[in-house]
Amino acid sequence: MIDIIEYPATDARCYLDLLPPDFAGQLADAVAHFRDCSVIHINSTAYGGGVAEIMHSLVPLSNALGIGTRRVVITPGDSRFFDVTKRIHNMLQGAPGKLSEEELSIYFGCLDEIADEINELDLAADVWFLHDPQLLPLGRLLSRCAAATRLWVVHIDLTQPNPWLLDRLLPLTGAYDTVICSLNDYEPRRLPNGVGLYVAPPAIDPLASKNSEMGPARAAAIVSSLGIDAARPLVTQVSRFDTWKDPWGVIDAYRLARNFHPRLQLALLGLSQADDDPEGEKVLNSVRDYAQSDPDIHLFFSPVGLPATNDEIVNALQTHSQVVMQKSTREGFGLTVSEAMWKGKAVIGGNVGGIRLQIVDGESGYLVDSAEEAGSRMAALLSDPDLRSTVGENARERVRQHFLLPRLLNDYLQAAREARARAMPMLSAADN
Ligand code: UDP
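Given the structure is predicted, the values throughout are model-derived calculations rather than measurements.

(A) The pattern of salt bridges, seen in detail. What the rule picks out here adds up to 17 salt bridges. With a shortest N-O distance of 2.7 Å, Asp 246 and Lys 327 are connected by a salt bridge. With Asp 246 in the loop between strand 8 (234-238) and helix 8 (247-258) and Lys 327 in the loop between strand 11 (323-326) and helix 11 (335-342), this residue pair connects regions lying 81 residues apart in the sequence. Side by side, Asp 246 and Lys 327 carry an identical accessibility label, which is buried. For Arg 400, the salt bridge is made with Glu 397, and the minimal N-O distance between the two is 3.0 Å. Remark: Glu 397 and Arg 400 occur in helix 14 (residues 385-402); sequence separation between them is 3 residues, near one turn of the helix. Counted as one network, the salt bridges with shared partners bring together Asp 78, Arg 80 and Glu 102.

(B) Representation of the sheet that holds strand 13 (residues 366-368) within the structure. The sheet built from 6 strands is open, its strands ordered 10-9-8-11-12-13 with parallel pairing. If you trace the sheet from one side to the other, it starts and ends with strand 10 (297-300) and strand 13, each paired once. On average, adjacent strands in this sheet sit at an angle of 20° to one another, irrespective of strand direction. The pairing of strand 12 (residues 346-350) with strand 13 spans 3 bridges and is parallel. Paired with Gly 349 across the strands is Leu 367, a residue of strand 13. Strands strand 8, strand 9 (265-269), strand 10 and strand 11 of the sheet are contacted by helix 8, whose axis makes an angle of about 170° with strand 9. Running at roughly 155° to strand 13, helix 13 (residues 371-383) makes contact with strand 8, strand 11, strand 12 and strand 13 of the sheet.

(C) Quick look at the packing of helix 11 against helix 14. At a minimum axis distance of 7 Å, the contact between helix 11 and helix 14 shows a crossing angle of 120°. The pairing of helix 11 with helix 14 is recorded here as oblique in orientation. In this structure, helix 11 crosses over helix 14, and the sense of that crossing is left-handed. Judged by residue contacts, Ser 338, Met 341 and Trp 342 of helix 11 engage Gly 392, Ala 395, Arg 396, Arg 398, Val 399 and Arg 400 from helix 14. Of the residues belonging to the contact of helix 11 with helix 14, the class tally is 4 nonpolar, 2 polar and 3 charged.

How each quantity is defined
Residues numbered from 1 in each chain as written. Predicted model: local features only at pLDDT ≥ 70, side-chain atom pairs only at ≥ 80, totals over all residues. Heavy atoms only, no water. Salt bridge = Lys/Arg side-chain N within 4 Å of Asp/Glu carboxyl O. Helix = DSSP H or I, 4+ residues; strand = E, 2+ residues; numbered from the N terminus. Buried < 20%, exposed > 50% of the residue type's maximum accessible area, 1.4 Å probe, protein only. Pairing = 2+ DSSP bridges. Axes fitted to C-alpha atoms, helices over the stretch in contact; angles between N-to-C directions. Contact = heavy atoms within 4.5 Å. Parallel < 35°, antiparallel > 145°, perpendicular 65-115°, else oblique. Left-handed = near helix turned anticlockwise from the far one by under 90°. Nonpolar A, V, L, I, M, F, W, Y, C, P; charged D, E, K, R; others polar.

This is the structure we're talking about:
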């Protein structure tokens, strides 16, 4: 099944006020090239995880700027599809092993069916963005795509991909004009001839309810209503319950810091388990055991019965916490890092992937290689409000300069523009 998601219009001017001054001109120039074009973004989950988060804001912004943009979400007919694609995700981030013949046939078979459905609807666009490995084979299956500009966007950490899988997936990128990845370090080797590469790190929506300014009293009230003592120190990690997010390492770090700050509390918020991530429950159970019924470790995994919306809770916890963690061991980008930095927080992040791009170590946050290091950074920050506020100010400015949504839209448009120029050099010369 596929869903076409409609969004109400948004006001693009509010974004431009937040950006570095010379940026508005660049964006207007990029938008002008696509004024009469239509764009489709396809991804595999309507809700949960970073890609859904980005789509939810980027599509309305693109429409607001006058580019007709639609979002399509796939729902595969076979429930095993997401088990396979989660394995693919894990293997591309470095997990060992191979896919069985059965897994491969589920992957390709489901996407054949989805392609038939999209082709029957006769969906058309000038530019197609297909997101993540869940959709990679679709590029060559969509009949209306053939004459359009096609970009495959890979959001995951590709620093140490499983070579067996990479050999099987990379030829599929030949159906695209361009591959977009989040960091230079992820550049996949051996892209087929003629396929371009563009680096576009993700970005956060500063106007989304989870990122707009929340007063300290409101944040404290929401935190209290969650059963956390708002008068005692708090450290939070906001993440799906996922092995790569290392929730166990966060608990280790908290336990170390608690030797110096005995009143410390920890919140692990994983409400938005994505539809395409079937492993959450297993990880959650393991984390629950690991927390050993410590009353000061607060695990949130279901929105049912909570006193506020997901976005309000994310905002309140990030706003109220003294320190925010993102102790991932692999991280394609990690929107949660920029979300907390934008709120002026000192973030301690794993020294991996996209977290390294966001945090300048010692200046706008801290990068750590172990739970011990995370624990000692946490303890030091908890003892030093001035340090927290200096690092937090630098963090907000870093996000303002590099990681706000209009920059990402601009990058996507530039990537599409480059792809068109390669495919139709005559046309694009006339354009300029
Ligand atoms: N998120 C949320 N509620 C939660 C946990 C996560 O809204 O309980 C959001 C988080 O704020 C961020 C996104 O989910 O916007 C996660 O994106 P990120 O890039 O950090 O990680 P991913 O899940 O894509 O690996």
